[in-house]
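Geometric and topological summary
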Amino acid sequence: MAVSRDPDVNRAMCPSRLILEHVTSRWGVLVLAALLDRSYRFSELRREVGGVSEKMLAQTLQTLERDGFVHRDAKPVIPPRVDYSLTELGKEAAEQVWGLARWTEKRVDEVFTARARYDEAKERGAAYGEARTP
């Protein structure tokens with residue numbers, strides 16, 4: 001695949017969009033953030049990232065590995081042991097999304113307040129016959 005020399009995430013066909021989608025997906029952010037601390041075995045990582053299904057974790061790890069963010073180290077032992085860790089590129093990406101994740105944690109109350117104001121205003125508007133927007 002030919003890669004654009006001038007990536008622009010706002011262009012419809014920019015390849016950076018897909019990378020951004022992988023890194024900022026619900027599970028991508030949480031997996032990258034967890035791996036910032038240390039390497040994990042699959043089952044440990046699944047416990048660390050609460051709520052992720054086995055299937056979604058496997059898909060997320062495979063996608064992040066393919067993109068060069070995660071290193072998969074399969075050891076030839078019985079039972080099989082596979083450890084996941086961040087590559088240098090993965091560490092850089094993880095630090096970026098971890099900052100965003102921390103910011104959202106700090107702003108939860110403000111977002112909830114804004115949502116409540118919005119919903120209240122929408123309800124008042126509907127009560128006075130104004131058209132609701134989807």
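Described below are features of the structure shown in this document. Since the model is a prediction, treat every value here as computed from it, not as a measurement. (Residues numbered from 1 in each chain as written. Predicted model: local features only at pLDDT ≥ 70, side-chain atom pairs only at ≥ 80, totals over all residues. Heavy atoms only, no water.)

Thoughts on helix H4 (residues 54-66)
Quick note on the threshold: A run of H or I in DSSP becomes a helix once it reaches four residues, and a run of E becomes a strand once it reaches two; helices and strands are each numbered from the N terminus. Working rule for helices: expected span equals 1.5 Å times residues minus one. Relative accessibility decides the category of a residue: with a 1.4 Å probe and only protein chains considered, values under 20% of the type maximum give buried, values over 50% give exposed, and everything between is partly exposed. Note: the arc covers the axis-to-C-beta directions of the helix. Two residues qualify as a contact provided that any one of their heavy atoms is within 4.5 Å of a heavy atom in the partner residue.
Here H4 contains 13 residues, and its C-alpha end-to-end distance of 18 Å stays within 8% of the 18 Å for a straight helix at 1.5 Å per residue. Among the residues of H4, those classed as buried are Leu 57, Thr 60, Leu 61 and Leu 64. The buried side chains of H4 occupy one side of the element, clustering within an arc of 100° when seen end-on. Turned more than 90 degrees away from the buried face of H4 sit Lys 55, Gln 62 and Arg 66, all of them exposed. Close packing links the buried residues of H4 with helix H1 (16-24), helix H2 (26-37), helix H3 (42-48), strand E2 (70-75) and strand E3 (81-86). Count one or two residues on from H4 and you reach Gly 68, which has phi positive near 90°.

Comments concerning the packing of H1 against H2
Threshold: Fitted lines through C-alpha atoms give the axes, limited to the stretch in contact for helices. The angle between two N-to-C directions lies from 0 to 180 degrees. Only Asp, Glu, Lys and Arg are considered charged, only Ala, Val, Leu, Ile, Met, Phe, Trp, Tyr, Cys and Pro nonpolar, and every remaining residue, Gly among them, polar.
Here H1 crosses H2 at 65°, and the two axes come no closer than 5 Å. Contact residues: H1 offers His 22, Val 23 and Thr 24, while H2 offers Arg 26, Gly 28, Val 29 and Leu 32. Taken together, the residues of the contact of H1 with H2 break down into three nonpolar, three polar and one charged.

With respect to a nonpolar patch on the surface
The criterion, for reference: Without a salt bridge and with relative accessible area above 30%, a residue can belong to a patch; like charges are then joined within 9 Å and nonpolar side chains (Val, Leu, Ile, Met, Phe, Trp, Tyr) within 5 Å. We get accessible surface area from the Shrake-Rupley algorithm with a probe of 1.4 Å; when it comes to residues, only the shown protein chains can shield them. Any carboxyl oxygen of Asp or Glu within 4 Å of a side-chain nitrogen of Lys or Arg constitutes a salt bridge here.
Together, Val 108, Val 111 and Phe 112 give the surface a local cluster of nonpolar side chains, amounting to about 240 Å² of exposed area. Tracing the sequence through the fold places Phe 112 in helix H6 (residues 108-127). Assessed through its relative accessible area of 48%, Phe 112 is described here as partly exposed.

Concerning the sheet that holds E2
Here is the rule we go by: One bridge is not enough; two strands pair if DSSP finds at least two bridges between them.
Strand order in the open sheet formed by three strands is E1-E3-E2, with antiparallel pairing between adjacent strands. Edge strands, defined here as strands with exactly one partner in the open sheet, are strand E1 (40-41) and E2. Where E2 and E3 come together, six bridges link them in antiparallel fashion. Opposite Asp 73, over in E3, you have Asp 83 as the bridge partner.

Considering the packing of aromatic side chains
The condition is simple: Planes of paired rings set the category: under 30 degrees apart is stacked, over 60 is edge-to-face and the rest tilted, where pairs are Phe, Tyr or Trp rings (Trp by its six-membered ring) whose centres lie within 6.5 Å. Two limits define a charge over a ring: the Lys NZ or Arg CZ must be within 6 Å of the ring centre, and within 35 degrees of the ring normal.
In the structure shown here, the tally under the stated rule is zero aromatic pairs. In this structure, Arg 38 packs its charged tip against the face of Tyr 40, placed 3.9 Å from the ring centre.

As for the environment of Ala 94
Take Ala 94: it is sitting in helix H5 (residues 88-106). Among the residues examined, Ala 94 registers a relative accessible area of 0% and is labelled buried. Sequence spacing of Ala 94 and Val 111 is 17 residues, and the spatial spacing of their C-alpha atoms is 24 Å. When sequence neighbours within four positions are dropped, the list of residues in contact with Ala 94 reads Leu 32, Leu 36 and Leu 86.

Details of the packing of H2 against H4
Put simply, the test is: For classification, angles of less than 35 degrees are called roughly parallel, those exceeding 145 degrees roughly antiparallel, those between 65 and 115 degrees roughly perpendicular, and all remaining angles oblique.
Following both chains from N to C, one finds H2 and H4 inclined at 75°, their axes separated by 10 Å at the closest point. Considering the angle they form, H2 stands roughly perpendicular to H4. Across the interface between the two elements, Trp 27, Gly 28, Val 31 and Leu 32 from H2 touch Met 56, Leu 57, Thr 60, Leu 61 and Leu 64 from H4. Residues belonging to the contact of H2 with H4 are distributed by class as follows: seven nonpolar, two polar and no charged.

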